[in-house]
Amino acid sequence: MEIKKYTFQMHGDERGQLVVLEKDKEIPFEIKRVYYIYDVKENVKRGFHAHKSLEQVLVCVHGTCKILLDNGKEKEIVLLNNPNEGLFISNHIWREMFDFSSDAVLVVFASELYDEKDYIRDYKEFLEYVEKQKF
Ligand code: T46
């Protein structure tokens, strides 16, 4: 599975760091929604779903977390531990987020507004859905 992990340019100087994310540049779509996840309790796993259309870029701006990506055939685990790195997740990818450090802040840039109908929350249904996309 191709993993799209971006390293963003840092505009650092003696005052500290600054990272810029703009639509169609660092983020490969028009950003319609931003949300963030933090204060995740120990051993908690989140996600367990895929999206029919949504594309997202995940940035762990503080602390660390891991993301499991699953395209129905292969699985990969990506560590996010750097505020100048972003992970692109396309549609049709099952994701699970885990191993959050207690100080982790995961910011997500999304290509669409929130729509529960875009979620596939059942793993068996996800496998059937990706299989159907081939035809
Ligand atoms: C994803 C991963 C990375 C809203 O009302 N609006 C929103 O924009 C979002 C994202 C969530 N919600 C509500 C829906 C649930 O009642 O917030 C609650 C928690 O959402 P969820 O259980 O889906 O959270 P995660 O962490 O499992 O998944 C989220 C995103 O939902 C999902 O799209 O890819 O983060």
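Structural data are supplied above this passage.
Before going into details, it helps to say that this report is about the structure given with it. Values in this document were obtained by computation on a predicted structure and should not be read as measured data.

A few words on the overall build of the protein chain. Scanning the protein chain from N- to C-terminus turns up one helix and ten strands. Listing each helix as α and each strand as β along the protein chain from the N terminus yields β-β-β-β-β-β-β-β-β-β-α. Taken over C-alpha atoms, the radius of gyration comes to 15 Å for the protein chain, in line with the 14 Å a tight globule of 135 residues would show. Along the three orthogonal principal directions, the C-alpha set of the protein chain runs to about 55 × 35 × 25 Å. A burial count over the protein chain gives 36% of its 135 residues as buried. Taking the contacts inside the protein chain whose residues are at least 6 apart along the sequence as the reference set, 77% of them involve residues at least 24 apart. Of the accessible surface of the protein chain, which amounts to about 8,300 Å², a share of 49% is contributed by carbon and sulfur atoms. Computing the positive centroid from 20 side-chain charges and the negative centroid from 25, the protein chain places the two 4 Å apart.

Moving on, we come to the packing of aromatic side chains. Per the counting criterion, the structure on display carries seven aromatic pairs. Relative to Tyr 119, the ring of Tyr 114 lies with its centre 5.8 Å away and its plane at 65 degrees, an arrangement referred to as edge-to-face. Taken together, the ring pairs connect Tyr 6, Phe 8 and Phe 88 into an aromatic cluster. Its guanidinium or amino end placed over the ring of Phe 98, Lys 45 lies 5.0 Å from that ring's centre, counting from NZ or CZ.

Close to the ligand lie 13 residues; Arg 33, His 51, Gln 56, Arg 95 and Tyr 119 are nearest. Between Gly 47 and the ligand, the recorded distance is 2.9 Å, taken from a backbone N or O atom to an oxygen atom. Separating an oxygen atom of the ligand from a side-chain N or O atom of Gln 56 is a distance of 2.6 Å. Those elements giving two or more residues to the shell around the ligand turn out to be strand E2 (33–38), strand E3 (46–51) and strand E8 (94–98). If one sorts the elements of the shell around the ligand by residue count, E3 sits on top with four residues.

So, on to unusual backbone geometry. Positive phi values are uncommon outside glycine, yet Phe 48 reaches one of about 60 degrees. Residue classification places Phe 48 among the partly exposed residues on the basis of a relative accessible area of 34%. Notably, Asp 99 is not glycine yet its phi reads approximately 50 degrees, a positive angle. Structurally, Asp 99 is set in the loop between E8 and strand E9 (105–110).

What follows covers the sheet that holds strand E4 (residues 56–62). Reading across from one edge, E1-E7-E4-E9-E2 is the order of the five strands in this open sheet, with antiparallel pairing throughout. The open sheet has two edge strands, strand E1 (4–7) and E2, and neither has a second partner. Each strand axis lies, on average, 25 degrees off the axis of its neighbour in the sheet, ignoring direction. In this sheet, strand E7 (residues 85–89) lies alongside E4 in antiparallel orientation, the contact comprising three bridges. What sits directly across from Leu 58, in E7, is Leu 87.

A sheet is described by the order of its strands in space; here five strands give the open sequence E6-E5-E8-E3-E10, paired in antiparallel fashion. Every interior strand has two partners, whereas the edge strands, strand E6 (75–80) and strand E10 (119–120), have only one. As defined by bridge partners, strand E5 (residues 65–70) adjoins E6 across six bridges and the pair is classed as antiparallel. What sits directly across from Cys 65, in E6, is Leu 80.

Criteria and cut-off values
Residues numbered from 1 in each chain as written. Predicted model: local features only at pLDDT ≥ 70, side-chain atom pairs only at ≥ 80, totals over all residues. Heavy atoms only, no water. Helix = DSSP H or I, 4+ residues; strand = E, 2+ residues; numbered from the N terminus. Rg over C-alpha atoms; globule rule 2.2 N^0.38 Å. Buried < 20%, exposed > 50% of the residue type's maximum accessible area, 1.4 Å probe, protein only. Contact = heavy atoms within 4.5 Å. Areas by Shrake-Rupley, 256 points an atom, 1.4 Å probe, with all protein chains shown as cover. Lys, Arg positive; Asp, Glu negative; His and termini not counted. Charge placed at Lys NZ, Arg CZ, Asp CG, Glu CD. Phe/Tyr/Trp six-rings, centres within 6.5 Å; stacked < 30°, edge-to-face > 60°. Lys NZ or Arg CZ within 6 Å of the ring centre and 35° of its normal. Near = heavy atom within 4 Å. Polar contact = N/O pair within 3.5 Å; in protein donor to acceptor, adjacent residues only side chain to side chain. Pairing = 2+ DSSP bridges. Axes fitted to C-alpha atoms, helices over the stretch in contact; angles between N-to-C directions.

These figures capture arrangement, not role.
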